[in-house]
Amino acid sequence: MAVITYREALNQALFEEMRRDASVIVCGEDVALYEGSYKVTKGLLKEFGERRVIDTPVSEAAIVGMATGAAMGGLRPVAELMTVNFAYLALDQICNHLALMRYMFGGQVRLPVTIRMPGGGGHQLGSQHSHSLEVLLVHTPGLKVVFASTPANAKALLKAAIRDDNPVIFLEHEGLYNTLGEVPDNLEPGTIGKAEVVREGIDVTIVAYGAMRYVALEAAQRLAGQGIEAEVLDLLTLRPWDKETVTDSVARTHHAVIVAESPPVCGMGAEVAANIYEIVYDELDAPVERVSGADVPLPYARELEQACIPHADDVVRAAHRALGGRSTTGPPDAGGH
Amino acid sequence: MNKRELMDVYYRMKLVRSFETRVAEEYAKGRIGGFCHLYSGEEAVAVGTLWHLRPEDYVIGSYRDHAYYLLRGGDPGKAMAELFGHGDGCCKGKGGSMHLFDASTNFLGGYAIVGGMCPLAVGLGLSIKYRNEDRIVLCFFGDGATNQGVYHEALNMASLYELPVVWVCENNYYAIGTSVARSSAVESLARKAKAYGMPTSTVDGMDFLKMQSVAKRAIAHARSGNGPAFVEAKCYRYRGHSMSDPGTYRSKEEIEHWKQRDPIPRIKAVIQHDFEAAEEEFEELDRKVRLALDEAVALAEAGAELPRQRLYEDLYVE
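Keep in mind that this is a model prediction, so the values were computed, not measured. All residue numbers here refer to positions counted from 1 along the written sequence of the relevant chain. Whichever chain is written first is A, and whichever ligand is written first is 1; the rest continue in order. Local features in this predicted model are restricted to residues whose pLDDT is 70 or higher, and side-chain atom pairs enter the listing and the counts only when it is 80 or higher, whereas totals over whole chains, interfaces and linings include all residues.

**Q** I tried to follow helix α7 (residues 151-163) of chain A on my own but got confused; where do I start?
**A** The periodicity of an α-helix, 3.6 residues per turn, causes residues three or four positions apart to be oriented the same way. Residues and elements named next belong to chain A. In DSSP terms, a helix is any run of H or I states spanning at least four residues, a strand is any run of E spanning at least two, and both are numbered starting from the N terminus. To estimate the expected span of a helix, subtract one from its residue number and multiply by 1.5 Å. With 13 residues, α7 extends 18 Å between its outermost C-alpha atoms, agreeing within 8% with the 18 Å of an ideal straight helix rising 1.5 Å per residue. Partly exposed residues are those whose C-beta has more than 12 but fewer than 20 other C-beta atoms within 10 Å; 20 or more makes a residue buried and 12 or fewer makes it exposed, with C-beta atoms placed from the backbone. Of all 13 residues that make up α7, 12 are buried, and the element is covered over most of its length. Turning to α7, its buried residues are P151, A152, N153, A154, K155, A156, L157, L158, K159, A160, A161 and I162.

**Q** Just checking my understanding: could you explain the domain arrangement of chain A for this structure?
**A** Size of an interface, as often reported, equals the accessible area lost when the parts are brought together. Residues and elements named next belong to chain A. An automatic or database domain assignment supplies the residue ranges for each domain. The domain architecture assigned to chain A consists of domain 1 (2-183) and domain 2 (196-322). Centre-to-centre separation of domain 1 and domain 2, based on C-alpha positions: 26 Å. In this assembly, 23 residues from domain 1 lie in contact with 23 residues from domain 2. Residue assignment for the side of domain 1 that touches domain 2 shows that the elements contributing at least two residues are α6 (134-138), β6 (144-147), α7 and β7 (168-173). In this classification, the charged set is Asp, Glu, Lys and Arg, the nonpolar set is Ala, Val, Leu, Ile, Met, Phe, Trp, Tyr, Cys and Pro, and all remaining amino acids, among them Gly, are polar. By residue class, the composition of the side of domain 1 that touches domain 2 is 9 nonpolar, 12 polar and 2 charged. Residues are treated as contacting if the C-beta atoms built from their backbones sit within 7 Å of each other.

**Q** Help me out: how do you make sense of the interface of chain B and chain A in this one?
**A** Every contact between the two is made by 34 residues of chain B and, on the other side, 33 residues of chain A. At the level of secondary structure, the elements contributing two or more residues to the side of chain B that touches chain A comprise β2 (107-111), α5 (118-130) and α6 (149-160) of chain B. Broken down by element, the side of chain B that touches chain A gets its largest block of residues, 10 residues, from α5 of chain B.

**Q** Is there a simple way to explain the packing of helix α4 (residues 76-83) of chain B against helix α12 (residues 279-302) of chain B in this structure?
**A** Describing two packed helices takes the angle between their axes plus the distance from one axis to the other. Residue and element names in this part refer to chain B. To define axes, lines are fitted to C-alpha atoms, for helices over the stretch in contact only, and angles between the resulting N-to-C directions are given on a 0 to 180 degree scale. Viewed as axis vectors pointing N to C, α4 and α12 meet at an angle of 45°, and their least axial separation amounts to 8 Å. In this view, α4 runs oblique relative to α12, as classed from their interaxial angle. Here α4 and α12 pass one another in a crossing that is right-handed. Residues P76, G77, M80 and A81 of α4 form the contact with α12, whose participating residues are A292, L293, E295, A296, V297, L299 and A300. Residue composition of the contact of α4 with α12, by class: 9 nonpolar, 1 polar and 1 charged. By the definition adopted for this analysis, an angle is roughly parallel if under 35 degrees, roughly antiparallel if over 145, roughly perpendicular if from 65 to 115, and oblique otherwise. When the near helix sits turned anticlockwise from the far one by under a right angle, the crossing is termed left-handed; a clockwise turn instead gives a right-handed crossing.

Spelled out as structure tokens, the structure:
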């Protein structure tokens, strides 16, 4: 067991998978010589060489297309898009090629491609650099979408993503790279499609993913101080997300809050809520509460930007609304999230 | 080239032309739906470039892909069945006309996004170089693709990494109804490609002999490990962009001008001039083509779409 950062965990996963399987290659902007703009690919060039760790030009669409073509030719590429914000440039290749080629060609191709990209806001990077666009990818049949949140699940899930014979979008969060956590030695690959029950509770289910795992946990701690025991679930996989774990939990707690960093419209909150209603409606004692980012492009100004991102207080208030206002901290605010 | 080879060229071009004509008939009967793009007129380009390929080479191209599928050795019956949307089609009816694919002949697909296949060719080239394989990638696209962003990204990367790719631009002068003159600031598509640092050539794509000669050089270059090559084949599609296109943007005179340069009578004339070839020999090949097509349509007619229960097959590898 070692305590390492989320970044180091990803780096270890890459080293281990590249040592294990010679068909794994890494490509992206500044991944080789520069060792990655977030240093996730540090040391790879030195060990594996230029043939396997490839610096690309600034060509997001072609980076994804090249990974797809390389997979057709028998390789197992791990492409990096420097941030999710640049994924928009590659959406045709991701959603209109990679995601659908296997299906469209009647199963004649196998595309074991992993596309890694970090996202999220909160660092005053401006609206073009602060997206949470996972929903666009989750919406797309043919893709799998994973969002790691701790060093241990980052390492386990990246290994799983690389070994998966399907296209996997591996989302990371820029704000989590320095997060420390315990990672067991000889870690087995994780299971894509399985959510984690991070904290057990009986009163309300809080569903989260990505950096919101920590927001949910902080909210759960505050709620515990008020005598409310929240069950915190981290989806880990967004497509296919773990309906069973979520609905089982809501069936026991009868109240649900979903917290997601992205803007609200058609977000994961909407998707999870709709399914909770469809599957365990009779178990609900209150409507499902959604806590999401503000419905604006993220502004640069520090306080304004923070108002766009869910915090523990927002989740606590949402839990109180779900529980019918049994709050000791004052009335719920008027603005919803 | 000897007589036997040239007769084979005639057969191949005739097969493509007749297949497309037959497809148009079936489409008009309502048995083929959606978008359908025919290669009639451009046969010399595909036959000429594929002539120098080996079975292990990869071919990838646009939605005007029936010719590539057939010429790589694909079963015309499975192509026709695919166009009919049937489960015994080459893609189980999931792809349709624009998305034929035959892994067994290394024909790696028709793609509907103009220029979208170009970075796939880069990736295939990368895999070849990585695995030290003795093969190349032939990537077909049209004049329209030369203005798409990702095309430029792909050409740059293939040259940068010195990949074994042959870029074949089928310049039929029109992207649907917009001519090259109205869409490309530089009308020489080979000249635009030259900016990415590779040998380029421009060739009469209506002339099989010239086409194969230029293709041979380009393919040899790609095989040498010295990076990609580019071929601009000037050609003409006799029909509209697709079955839905009445083609009113081209004058009758222009079409007639290009019909005078039909590659099929042209190669026939060469064979008759250079060798002794009786009319009966060509008629024999025409019969062979008709038979192949009748069989293909019969196979397609006998089939059916996949049942609804099989809708979710082939989405993910389990």
